[in-house]
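Each chain is listed here by its residues.
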Amino acid sequence: MNYRHIYHAGNFADVFKHLLLVRLLESFKRKDKGFAYLETHAGAGAYDLQAADAGKTGEYLEGIGRLWKEPIAGVEEYLAAVRAHNPNGRLRYYPGSPGIAHSLLRPQDRMRLAECVPEECAHLQVAFADDKRVSISCADGYTALKAWLPPPERRGLVLIDPPYERSDEWERLRLALAFAVDRWPTGTFAVWYPLKVGAPVERLKSKLVAAGIRKVLVAELNVWPMDTPFRLNGCGLLIVNPPWQLDAELPALLEPLAKQLQQGPNAAAEVSWLVPE
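In this text, all values refer to a predicted model and were calculated from it rather than measured experimentally.

K.L.:
Mind showing me how you'd approach the packing of aromatic side chains here?
P.N.:
Here the distance between the centres and the angle between the planes together describe a pair of aromatic rings. Summed over all chains, the structure comprises 4 aromatic pairs. Seen in terms of ring centroids, Y164 and W170 are 4.7 Å apart; in terms of plane orientation they differ by 45 degrees. Their pairing is tilted. Per residue, the accessibility class of Y164 equals that of W170, and both read buried. Taking 6.1 Å as the distance between ring centres and 55 degrees as the angle between the ring planes, the aromatic pair formed by Y164 and W192 counts as tilted. Residue Y164 is found in the loop between β6 (156–160) and α8 (169–183), and its partner W192 is found in strand β7 (residues 188–195); the two are separated by 28 residues along the sequence. Across this residue pair, the class does not change: Y164 and W192 are buried. The structure contains a cluster of three or more aromatic residues connected by ring pairs, namely Y164, W170 and W192. Of note, R231 hangs over the ring of W224, and the distance from its end group to the ring centre comes to 4.0 Å.

Here it is in C-alpha cells:
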C-alpha cells in the first residue's frame, strides 16, 4: 500500500469529512448514555503540517488553512478540536479523525480504531496509550469491523474511510457496509468517498439501493468542476441512519463551505436522500 495521508492531511476533503464527523458525534452527546465510535482506516492520528511530505503538496493551505484564517459559521467545535493540537495559536498539527473524535468523547463513551499500516498503528498506540476508553487494532479495518459488531452500546458511529488504492476497494466497502448494517441495525454508518473522473460512485449507490438498505443520506462537496481530469474534484459522505434533522441542517453548513474552499469554478455542495426511511 503506497497511500500516505500526510500528503493530504488537512486538505478540503479532510475539512469536509471532519466537520460532518463532529456533527454526527455531537448528536450522540444529546443523550447521557454512552456511545461507541469505531473507525476502520484510522491512519496515524495526527500529522505535522510542517513536515517535508506535507510541504510537497501544501494541500492543507487550501483546506484547514483557509478556515483557520477565516472561519465560517458552524465550524466552531471542529476548529476547537484542531486548535487543541495547536495550543500556541499557530497551525502546525492536524489531528485527523481519531484526534477529532477523541476530543469529543465523554467518560462513558468508547473508541475503537483499526489501522493496517504498522508504523501508523504504532503512532495510534502511543497517542492513546493512557486512555482506557480507546482500543487499537493493528489489522485490516474490514476484518476488525466484523469482530467489533455489534458493540455493547446500542448507539454509535462507524466511520469507513479507505484509501481507495485497491482495485477491489469499492466492492470490499459495499460488502463490509451491508454486513455492518445487518449486524448493528441501530448504528450510524458514515462512508467517505472521492469524487473524480472515473470513480465508480454511482455504481456503489445503485448497489446499496438494490440491497434494500434504508435511511441513506448523501452529502457531497465539489471544489472543482466534476469533469476536471487528474485531480480530486470533490468528495462525499454516505450516511446510513443519520441523526434526526441532519438533512435539514447540513445545507446551511456546506454551501458556505463550498464557497470558502472552492478551487475552481462551479464549486457546490449537495445534500439529498439516496434512500429515505
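K.L.:
So what exactly am I meant to see when it comes to the state of the cysteines here?
P.N.:
When the sulfur atoms of two cysteines share a covalent bond, that bond is a disulfide. A full pass over the atoms with the stated rule returns 1 disulfide. Two residues, C121 and C138, share a disulfide whose sulfurs are 2.0 Å apart. The S-S bond linking C121 to C138 shows a torsion near -90 degrees; that makes this disulfide left-handed. Pair noted here: C121 is in helix α6 (residues 118–127) and C138 is in the loop between β5 (134–137) and α7 (141–148), with a separation of 17 residues, a long-range link. We classify C121 as buried; its relative accessible area is 0%. C138 gets classed as partly exposed once you look at its relative accessible area, which sits at 47%. Here C116 stays free of any disulfide, with the sulfur of C121 as its closest cysteine sulfur at 9.0 Å.

K.L.:
What's the story with the sheet that holds strand β10 (residues 268–275) in this structure? I'm lost.
P.N.:
Strand-to-strand pairing in sheets goes through backbone hydrogen bonds, with the strands running parallel or antiparallel. If you trace the 8 strands from one edge of the open sheet to the other, you get β5-β4-β1-β6-β7-β9-β8-β10, paired in mixed fashion. Edge strands, defined here as strands with exactly one partner in the open sheet, are β5 and β10. Along the sheet, successive strands turn relative to each other by an average axial angle of 15 degrees, direction set aside. Relative to β7, β6 is paired through 4 bridges, and the arrangement is parallel. Following the sheet pairing, L157 is matched in β7 by T188. Its contacts with the sheet place α7 against β1 (36–39), β4 (110–114), β5 and β6, and it is angled at close to 145 degrees to β4. Relative to the sheet, helix α9 (residues 201–210) contacts β7, β8 (216–222), β9 (234–240) and β10, its axis offset from that of β7 by approximately 155 degrees.

K.L.:
Mind showing me how you'd approach unusual backbone geometry here?
P.N.:
The phi angle of most residues is negative, glycine excepted, and most peptide bonds adopt the trans form. Cis peptide bonds are those with omega within 30 degrees of zero, and the linkage from L149 to P150 qualifies with -10 degrees. Located in the positive-phi region is Y164, a residue other than glycine, with phi close to 55 degrees. In this structure Y164 comes out as buried when scored by relative accessible area, which is 15%.

K.L.:
Whenever I open this one, the nonpolar core confuses me. Can you help?
P.N.:
Considering soluble globular proteins, one finds that nonpolar side chains tend to be buried as a cluster. In this structure, L20, L25, Y37, I64, Y78, L238 and L257 are the most contacted members of the largest nonpolar core, which totals 92 residues. In terms of residue count, helix α1 (residues 12–28) provides more of this core than any other element does, 11 residues in total.

K.L.:
Honestly, the pairing of β7 in this entry has me stumped. Any pointers?
P.N.:
A regular strand places its side chains on the two faces of the sheet in alternate fashion. Among the 8 residues in β7, 8 count as buried, and that is most of the element. Taking every second residue as pointing to the same face, both faces of β7 are buried, with T188, A190, W192 and P194 on one and F189, V191, Y193 and L195 on the other. In this view, the connection linking β6 to its parallel neighbour β7 by way of α8 has right-handed handedness. As paired elements, β7 and β9 share 7 bridges and run antiparallel to each other. The residue of β9 that forms the bridge with P194 is C235.

K.L.:
What is the right way to look at α7 in this model?
P.N.:
Because each turn of an α-helix spans 3.6 residues, side chains separated by three or four positions in sequence point in the same direction. By the burial criterion, the buried members of α7 are G141, Y142, A144, L145 and W148. Around the axis of α7, the buried residues are gathered within 155 degrees of arc, so they sit on the same side. Exposed side chains of α7 directed beyond 90 degrees from the buried face belong to T143, K146 and A147. On the buried face of α7, the contacting elements are β1, β4, β5, β6 and α8. One side-chain oxygen at the N-terminal end of α7 lies 3.2 Å from the backbone nitrogen of Y142; it belongs to D140.

Calculation criteria
- Residues numbered from 1 in each chain as written.
- Predicted model: local features only at pLDDT ≥ 70, side-chain atom pairs only at ≥ 80, totals over all residues.
- Heavy atoms only, no water.
- Phe/Tyr/Trp six-rings, centres within 6.5 Å; stacked < 30°, edge-to-face > 60°.
- Buried < 20%, exposed > 50% of the residue type's maximum accessible area, 1.4 Å probe, protein only.
- Helix = DSSP H or I, 4+ residues; strand = E, 2+ residues; numbered from the N terminus.
- Lys NZ or Arg CZ within 6 Å of the ring centre and 35° of its normal.
- Disulfide = S-S within 2.5 Å.
- Pairing = 2+ DSSP bridges.
- Axes fitted to C-alpha atoms, helices over the stretch in contact; angles between N-to-C directions.
- Contact = heavy atoms within 4.5 Å.
- Core = buried A, V, L, I, M, F, W, Y, C linked by side-chain atoms within 4.5 Å.
- Right-handed = clockwise from strand over helix to strand, strands pointing away.
- Arc of directions from axis to C-beta.
- Polar contact = N/O pair within 3.5 Å; in protein donor to acceptor, adjacent residues only side chain to side chain.

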